[in-house]
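# Examining the three-dimensional arrangement
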Amino acid sequence: MRRLPIAIVVATLAIAATAPASAQDFTASVGTEAAAPQKKISMFQSAMSEVAIMRYRAALKLKAEQARYWPAVANALRALAREPQVNEAAVRRFAPAASALFATLDEDQKRTAMGLVQKAGLQQYASLF
């Protein structure tokens with residue numbers, strides 16, 4: 001029974017590794033069809049957001065005292081992912097949750113966090129954290 005969760009995690013990470021191309025292909029094939037296919041895209045994006053959030057936490061290698069800040073950061077990331085447009089105003093609304101965690105990170109973790117911000121395409125907003 002213990003192998004099932006590991007298999008699910010591995011499968012989810014494998015899907016996440018191919019997500020950008022798959023999401024683009026799926027979006028292109030859907031075009032401007034009815035609302036039902038758009039809902040499937042939204043569910044797919046939601047699943048990918050959850051995988052990304054798990055990957056971010058793992059990459060940061062949080063210590064026990066830092067982990068208490070993570071739920072607020074994860075919720076902020078989920079809310080940011082649901083935003084119709086990610087711009088400075090949207091990031092500014094969710095930055096306080098990340099700032100509390102960021103203040104507790106050591107130098108290596110801060111470099112990792114800034115790398116994640118850059119990979120997410122949010123480097124222009126890094127000063128808000």
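The structure presented is a predicted model; accordingly, all values stated were derived computationally and were not measured.

### What about the overall build of the protein?
Tallying secondary structure elements over the protein gives seven helices and zero strands in all. Reading the secondary structure of the protein in the N-to-C direction produces α-α-α-α-α-α-α. Residue burial in the protein is summarised as follows: out of 129 residues, 25% are buried. Relative to all contacts within the protein whose residues are 6 or more apart in sequence, the contacts with residues 24 or more apart total 63%.

### A few points about the confidence of the model for the protein
Per-residue pLDDT for the protein averages 73, and the proportion of residues at 70 or more is 63%. Mean pLDDT per element in the protein: helix α2 (residues 19–30) is the minimum at 40, and helix α4 (residues 64–67) is the maximum at 95. A low-confidence stretch, residues 1–41 stays under pLDDT 50, and its non-local contacts, those more than four residues away or across chains, total 18 contacts.

### Thoughts on the pattern of salt bridges
One pass over the full model with this rule turns up five salt bridges. E50 is paired through a salt bridge with R78; the nearest N and O atoms lie 2.5 Å apart. In this pair, E50 sits in helix α3 (residues 35–60) while R78 sits in helix α5 (residues 70–82), placing the two residues 28 residues apart along the sequence. Accessibility expressed as a relative area gives 26% for R78, which makes it partly exposed. As a salt-bridge pair, D106 and K63 come within 2.9 Å of each other at their nearest N and O atoms.

Scoring rules and cut-offs
- Residues numbered from 1 in each chain as written.
- Predicted model: local features only at pLDDT ≥ 70, side-chain atom pairs only at ≥ 80, totals over all residues.
- Heavy atoms only, no water.
- Helix = DSSP H or I, 4+ residues; strand = E, 2+ residues; numbered from the N terminus.
- Buried < 20%, exposed > 50% of the residue type's maximum accessible area, 1.4 Å probe, protein only.
- Contact = heavy atoms within 4.5 Å.
- pLDDT = per-residue confidence, 0-100.
- Salt bridge = Lys/Arg side-chain N within 4 Å of Asp/Glu carboxyl O.

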